[in-house]
Amino acid sequence: MSKRTDCAGMAALSICEALLLAMKDLQVLPEHEVIGVLRDAAAFHDNAGGTGTDAVSHQAAASLIHQIIANGNPVRQPRR
């Protein structure tokens, strides 16, 4: 992937994460629904077709989403 594509992906991930956290914080979505959104996204990538680079990219995306689900949000710290 190009550096521009990598940057676009990082920006998209940050925006989506911020939106999901805001929806949870504002009680628009309960936490289990946020996890459901993440699981749906991971399932898409887990089940995506393709060969070669496409397959590797989908598996990498799925792996990242599964890590986010397992680890919670490592960037955001509880307010003190």
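Asker: Just give me the short version of unusual backbone geometry, but keep the residues and values in it.
Answerer: For Q27, which is not glycine, the phi torsion reads 60° and is therefore positive. Assignment of secondary structure puts Q27 in the loop between α1 (3-25) and α2 (31-47). Judged by relative accessible area, which is 72%, Q27 ranks as exposed.

Asker: Talk me through α1; I want residue IDs and the actual numbers.
Answerer: Here α1 spans 33 Å end to end across 23 residues, near enough to the 33 Å set by a 1.5 Å rise per residue. Downstream of α1 by one or two residues, Q27 has phi in the positive range, about 60°.

Asker: Could you give me a rundown of the nonpolar core, with the residues and numbers involved?
Answerer: General note: in soluble globular proteins, nonpolar side chains tend to be found buried as a group. If you look at the biggest cluster of nonpolar residues, it comprises 7 residues: L20, V34, I35, L38, A42, I65 and I69. At 4 residues, α2 tops the list of elements feeding residues into this core. Setting aside its immediate chain neighbours within four residues, I65 contacts L38, A41, A42 and H45.

Asker: Summarise the confidence of the model for the protein; cite the residues concerned and give the values.
Answerer: A residue-level look at the protein finds 89% of positions with pLDDT of 70 or above and a mean pLDDT of 87. The element-level mean pLDDT for the protein is lowest in α1, coming to 91, with α2 highest at 95.

Asker: Account for α2, with residues named and values stated.
Answerer: The end-to-end C-alpha distance of α2, which contains 17 residues, comes to 24 Å, matching closely the 24 Å that a straight helix rising 1.5 Å per residue would cover. Close packing links the buried residues of α2 with α1 and α3 (52-71).

Scoring rules and cut-offs
Residues numbered from 1 in each chain as written. Predicted model: local features only at pLDDT ≥ 70, side-chain atom pairs only at ≥ 80, totals over all residues. Heavy atoms only, no water. Helix = DSSP H or I, 4+ residues; strand = E, 2+ residues; numbered from the N terminus. Buried < 20%, exposed > 50% of the residue type's maximum accessible area, 1.4 Å probe, protein only. Expected span 1.5 Å × (residues − 1). Core = buried A, V, L, I, M, F, W, Y, C linked by side-chain atoms within 4.5 Å. Contact = heavy atoms within 4.5 Å. pLDDT = per-residue confidence, 0-100.

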